[in-house]
Amino acid sequence: MTGIGRELADMMDRRKVGILCVQETRWKGSKARCIGGGFKLFYHGVDGRRNGVGVILKEQYAKSVLEVKRVSDRVMFMKLEIDGVMMNVVSAYAPQVGCAMDEKEKFWSELDEVVMTVPKGERVVIGADFNGHVGEGNRGDEEVMGRYGVKQRNAEGQMVVDFAKRMDMAVVDTYFKKREEHRVTYKSGGGCTQVDWRL
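Heads up: these notes are all about the structure in this document.

The rules behind the values
Residues numbered from 1 in each chain as written. Predicted model: local features only at pLDDT ≥ 70, side-chain atom pairs only at ≥ 80, totals over all residues. Heavy atoms only, no water. Pairing = 2+ DSSP bridges. Helix = DSSP H or I, 4+ residues; strand = E, 2+ residues; numbered from the N terminus. Axes fitted to C-alpha atoms, helices over the stretch in contact; angles between N-to-C directions. Expected span 1.5 Å × (residues − 1). Buried < 20%, exposed > 50% of the residue type's maximum accessible area, 1.4 Å probe, protein only. Arc of directions from axis to C-beta.

### Points about the sheet that holds strand S4 (residues 53–58)
Strand order across the open sheet formed by 4 strands is S1-S4-S3-S2, with antiparallel pairing between neighbours. Each edge of the open sheet carries a strand with a single partner, namely strand S1 (19–23) and strand S2 (29–36). Across this sheet, the average inter-strand angle for adjacent strands is 20 degrees, counted without regard to direction.

What follows is the structure in C-alpha cells.
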C-alpha cells in the first residue's frame, strides 16, 4: 500500500466512505497516521514485504475510537462509539490458497477469538480479504449468504461460510445482485474472481 494513502483518502472522499478496511498494507509497525483529506489510517504489520492490515477512518470517526487491538499481521480490530452505538470493526487478511494448513488454522482461531470477545449488544463488521470463493448460489447456506457470489466455492470459501455460521453473521456481498464485473475483487492472468467479503 506504500505511496497510495492519499489516493485511498481521495477515493473514500469521492465515494463518501467513512470506514475502510485494508489488507496487504506491507507497512511495518503498529501505528496511526493521517493520510490526508481528513482521514486517519490505523495499521499493523510485522514485515514490510508481506501481509499487514489496517482500518482507515474519516476524521469524525477517528475521534470515536475507544480501543485498537492489533492481534497479528493478519487480524486487527477497533472499537468505536458512533451515535451511542458500540461498533467493532475488524480488518482481516486470510492466508492464500497454497499456504500451510497450520497458518490458516491460526488465522481462523485469531478471528474466532476476536469476534467471540465482543460483548452481546455491540455490532461487529468484518472487512476482509478472505482469499476464498464462496461461490454462486446458496443451497443449504441460506441463513448466512445470498445467491450472488462468483463461480464455484473452494475450500477457503467453505471456511468463510463455516465462520459466518459459527458467529451468526452473513456474507453480505452475496445478497446484492450486480453485474459480475462489479462483484469481481481480484483479477490476474485473464482470470477473475471475488475473494474480498464483508460480514
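### What to know about helix H4 (residues 155–167)
The end-to-end C-alpha distance of H4, which contains 13 residues, comes to 18 Å, matching closely the 18 Å that a straight helix rising 1.5 Å per residue would cover. Those residues of H4 that fall on the buried side of the exposure criterion are Glu-156, Gly-157, Val-160, Val-161, Phe-163, Ala-164 and Met-167. Around the axis of H4, the buried residues are gathered within 155 degrees of arc, so they sit on the same side. Following H4 by one or two positions, Asp-168 adopts a phi angle in the positive range, close to 55 degrees.

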